[in-house]
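Coordinate analysis (summary)
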Amino acid sequence: MQLDPTDLKILLLLQAEGRISNQDLAEKVFLSPSSCLRRVRLLEDSGVISHYRAVLDTNVLGLEVDAFVQVTMRRDVEHWHENFSAALQSWPEVVGSYIITGDANYLLRVRARNLKHYSSFVLERLYKAAGVLDIRSNIVLQTLKECTELAPELLSE
């Protein structure tokens, strides 16, 4: 889908304020409400906008531990990738999972209430997953930057 400047402005505004009314959005992009709604629906139908959500403050919710975990798998275990991928879908502590390059096979982002909860997750779930060879944890001490929005420079050509 080719995005024009108005589409980009709509996307940037919706990223910053997902609950903006169609009327207010239309005013900010200088369209009629019906034209604006039609564009938003096209962006949704094409998959550019995949869904809407609230961003929760993990500190307020008491999730004290944020960790990035590299997981290396044994390749001699049959179906190691399929089994691990299926297992991590059921672990609520895993809020992000990625196949990566380098020495490890996966990078997981794990959230936990405290160090005891994190330790329990690692020992009772992660280490017990079939095929896990090595786990390397990096606990976040302080977040310097975390974006839920894509920058305008990344959206335009």
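Structure's up top.
The rules behind these values
- Residues numbered from 1 in each chain as written.
- Predicted model: local features only at pLDDT ≥ 70, side-chain atom pairs only at ≥ 80, totals over all residues.
- Heavy atoms only, no water.
- Axes fitted to C-alpha atoms, helices over the stretch in contact; angles between N-to-C directions.
- Helix = DSSP H or I, 4+ residues; strand = E, 2+ residues; numbered from the N terminus.
- Parallel < 35°, antiparallel > 145°, perpendicular 65-115°, else oblique.
- Contact = heavy atoms within 4.5 Å.
- Nonpolar A, V, L, I, M, F, W, Y, C, P; charged D, E, K, R; others polar.
- Polar contact = N/O pair within 3.5 Å; in protein donor to acceptor, adjacent residues only side chain to side chain.
- Pairing = 2+ DSSP bridges.
- Phe/Tyr/Trp six-rings, centres within 6.5 Å; stacked < 30°, edge-to-face > 60°.
- Buried < 20%, exposed > 50% of the residue type's maximum accessible area, 1.4 Å probe, protein only.

1. Considerations on the packing of helix α1 (residues 5-16) against helix α3 (residues 33-45)
Close contact between α1 and α3 brings their axes to 11 Å; oriented N to C, the two are set at 80°. Relative to α3, the element α1 is oriented roughly perpendicular. Counted together, Thr6, Asp7, Ile10, Leu11 and Leu14 of α1 and Cys36, Arg39, Val40 and Leu43 of α3 form the full contact between these two elements. For the contact of α1 with α3, a count of residues per class yields six nonpolar, one polar and two charged.

2. As for the environment of Asp4
By secondary structure assignment, the location of Asp4 is in the segment before α1. Residues Asp4 and Glu82, spaced 78 residues apart in sequence, show a C-alpha to C-alpha distance of 40 Å. At 2.8 Å, the side chain of Asp4 forms a polar contact with the backbone nitrogen of Asp7. Within the structure, the side chain of Asp4 is placed 2.9 Å from the side chain of Arg39, a separation counted as a polar contact.

3. A word on the side chain of Asn105
Position of Asn105 relative to the elements: it lies in the loop between β2 (94-99) and β3 (106-112). Contacts of Asn105, omitting those with residues within four sequence positions, involve Val71, Thr72, Met73, Arg75, Trp80, Tyr98, Ile99 and Ile100.

4. Structural notes on the sheet that holds strand β4 (residues 132-139)
Here four strands make up an open sheet; going across it, the order is β2-β3-β1-β4 and the pairing antiparallel. At either margin of the open sheet sits one strand with a lone partner, and together these are β2 and β4. The sheet shows a mean angle of 20° between the axes of neighbouring strands, direction not considered. In this sheet, β3 lies alongside strand β1 (residues 65-73) in antiparallel orientation, the contact comprising seven bridges. If you follow Val69 over to β3, its bridge partner there is Leu108. Along the sheet, helix α5 (residues 115-126) contacts β1, β2, β3 and β4; its crossing angle with β1, the most-contacted strand, is approximately 20°.

5. Some thoughts on the packing of aromatic side chains
Summed over the entire model, instances satisfying the criterion amount to four aromatic pairs. Between the aromatic rings of Trp80 and Tyr106, the centroid separation amounts to 6.4 Å while the plane-to-plane angle is 75°, which identifies the pairing as edge-to-face. Of this pair, Trp80 sits in helix α4 (residues 80-89) while Tyr106 sits in strand β3; the two residues are 26 residues apart in sequence, bridging distant segments of the chain. Each member of the pair Trp80 and Tyr106 is classed as buried. With a centroid separation of 4.7 Å and an interplanar angle of 35°, the aromatic rings of Phe84 and Tyr106 are classed as tilted. Taken together, the residues span a long stretch of sequence, with Phe84 in helix α4 and Tyr106 in strand β3 at a distance of 22 residues. Each member of the pair, Phe84 as well as Tyr106, is classed as buried. Among the aromatic residues, those joined into a cluster by ring pairs are Trp80, Phe84, Trp91, Tyr106 and Phe121.

6. So, the packing of helix α2 (residues 22-29) against α3
Helix-helix packing: each pair is described by the crossing angle between the helix axes and the interaxial distance. Packing of α2 against α3 leaves a shortest axis separation of 9 Å and a crossing angle of 100°. In terms of axis orientation, α2 runs roughly perpendicular to α3. Seen from α2, the contacting residues are Asn22, Gln23, Leu25, Ala26 and Val29; seen from α3, they are Pro33, Cys36, Leu37 and Val40. Of the residues belonging to the contact of α2 with α3, the class tally is seven nonpolar, two polar and no charged.

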